[in-house]
Amino acid sequence: MDVEKMVHRCRLQVAGEDYEVLVFLRADGRHIAKTFFTAADVIINDGTSLDEALQKHQRLLPLAVDSRRLTRDYHPGRPQADN
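A. Quick look at the pattern of salt bridges. With the rule as written, the count across this model stands at seven salt bridges. The partner of Asp 28 in a salt bridge is Arg 26, with the nearest N and O atoms 2.3 Å apart. A salt bridge links Arg 69 to Asp 66, with the nearest nitrogen and oxygen atoms 3.4 Å apart. Pair noted here: Arg 69 and Asp 66 are both in helix 1 (residues 50-74), with a separation of three residues, about one helical turn. Judged by its relative accessible area of 25%, Arg 69 falls in the partly exposed class.

Reading the values: rules and limits
Residues numbered from 1 in each chain as written. Predicted model: local features only at pLDDT ≥ 70, side-chain atom pairs only at ≥ 80, totals over all residues. Heavy atoms only, no water. Salt bridge = Lys/Arg side-chain N within 4 Å of Asp/Glu carboxyl O. Helix = DSSP H or I, 4+ residues; strand = E, 2+ residues; numbered from the N terminus. Buried < 20%, exposed > 50% of the residue type's maximum accessible area, 1.4 Å probe, protein only.

Next comes the structure, spelled out in structure tokens:
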């Protein structure tokens, strides 16, 4: 099992909402940025450095937010992931 150590925490605003971003350092030296929408719904991006992982996450988080909003808007009866 990989051991991850949190090395950075910040909040990003997307479409008027704040999302927490946690960046972890893995044992192999790679960095992993994560945003938890729910316990079962997590967006994860990696990079060779904290900056690379965070930049990738900043670029892709709006897409993740929009895709979830589209799913919710076009499938209003579809159950959402639970915490």
